[in-house]
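# Residue-level structure breakdown
Here are the chains, one letter per residue:
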Amino acid sequence: MDLGSPVLVARLDSVGDVLLTGPAIRAVAARACRVVMLAGPRGRAAAELLPGVDRVLAWHAPWIDPEPEPVRAEAVDALVSAVAAEGVRSALIFTSYHQSPLPLALLLRLAGVAWIGAICEDYPGSLLDLRHRVDGDPPEAERALSLAAAAGFPPRDDGLLAVRKPLPEVEHLVRDDGYVVIHPGTSVPARAWPPGHCARAVRLLAEAGFRVVVTGSPADRALTARVAGDDGLDLGGRTSLAELAAVLARASVLIAGNTGPAHLAAAVGTPVVSLFAPTVPAARWAPYGVPHVLLGDPEAPCAGSRARVCPVPGHPCLSSVTPGEVVRAVIRLVKEAA
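Each value, and the rule that gives it
Residues numbered from 1 in each chain as written. Predicted model: local features only at pLDDT ≥ 70, side-chain atom pairs only at ≥ 80, totals over all residues. Heavy atoms only, no water. Salt bridge = Lys/Arg side-chain N within 4 Å of Asp/Glu carboxyl O. Helix = DSSP H or I, 4+ residues; strand = E, 2+ residues; numbered from the N terminus. Buried < 20%, exposed > 50% of the residue type's maximum accessible area, 1.4 Å probe, protein only. Contact = heavy atoms within 4.5 Å. Pairing = 2+ DSSP bridges. Axes fitted to C-alpha atoms, helices over the stretch in contact; angles between N-to-C directions.

### Concerning the pattern of salt bridges
- Under the definition given, this model contains 14 salt bridges.
- Two residues, Glu140 and Arg11, come together in a salt bridge whose shortest N-O distance is 3.6 Å. Taken as a pair, Glu140 in helix α5 (residues 140–150) and Arg11 in strand β1 (residues 7–11) lie far apart in primary sequence, 129 residues in all.
- Overall, the relative accessible area of 3% leaves Glu140 in the buried class.

Quick look at the structure:
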């Protein structure tokens, strides 16, 4: 491996996936002269928040994105040219357990990358120089760290999630610390707590004396307005990802499904009440490195299905979680932090 030239690290999916790869990328940055990160369009904003990343390239991977674009020769050529222009000679491809690194490895070979490492179950032929395998079912952050260590980049810090500091000022959005944030939106419907439950939780939290902030993307504005009602501060569509990180950093607790903001909260050290649908394993995807409470039925029929839309009528794994349970979980985490 050539550490005198930039090292490329790749994670081509979403915000949470990129944040969970952060500790491994910091390990690479501790030895590399420069780190270029290749991210997907859904994860680019998170990549720009990661400590240790010097430059971000974004590219839509049609074998990973949930809404894949057609494979186009001009798009492939653009990626190959962009990587070659960075002078990259070594690369680590970070993936989830159900993703293959081999399509990207092929494109990186075409870009002149001489050394490539990845976790891979399939026969890689000449596409990989390091074919790493992982035993057991570790959290995603630790899985990525194991690849970095196998490539000669052992952990150099606590291995927790992190974002660049300082974060933006958000006093124009939230004046005082110590509120509870609820983020009702999710990247896929199967991971969402019902909106009516979210709205009821906001009312109960307000009655219990908590200030409540409701966050969401621009596409979530109608949802956040409904959930906030008259008792919560509605910030739907009003924050960049960096500003959302700053809002979460000042919060006492986040309430969210298994979605990017849950991992963003972990990256700023904020406890999480996680409404966790068992479509993917909590062992891999629960909020990492912060106090958290997991709520939801881990034995529901959808367990392990990776379903994007709930296949079970009534969405019982999460609809069965009551607003009162969530409020009690918030109170528990606040008391534990006191």
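### Concerning helix α4 (residues 102–110)
- Among all positions of α4, only Leu102, Leu104, Ala105, Leu107 and Leu108 are buried.
- Close packing links the buried residues of α4 with β1, β2 (35–39), α3 (73–85), β4 (90–93) and β5 (115–119).
- Of the residues one or two after α4, Gly112 is the one with positive phi, at around 90°.

### Quick notes on the sheet that holds strand β12 (residues 292–295)
- Ordered in space as β9-β8-β7-β10-β11-β12, the six strands form an open sheet in which the pairing is parallel. Either end of the sheet is taken by a strand with one partner, and the two such strands are β9 (232–234) and β12. Mean inter-strand twist for the sheet, computed between neighbouring axes without regard to direction, equals 20°.
- By the bridge criterion, four bridges tie strand β7 (residues 180–183) to strand β10 (residues 253–257) in an arrangement that is parallel. By the bridge assignment, Ile182 is partnered in β10 with Ile255.
- Of the strands in this sheet, β7, β8 (212–214) and β9 touch helix α7 (residues 221–228), which is tilted by about 165° from β9.
- Across the sheet, helix α12 (residues 323–337) touches β7, β10, β11 (272–275) and β12, and the angle it forms with β12 is around 165°.

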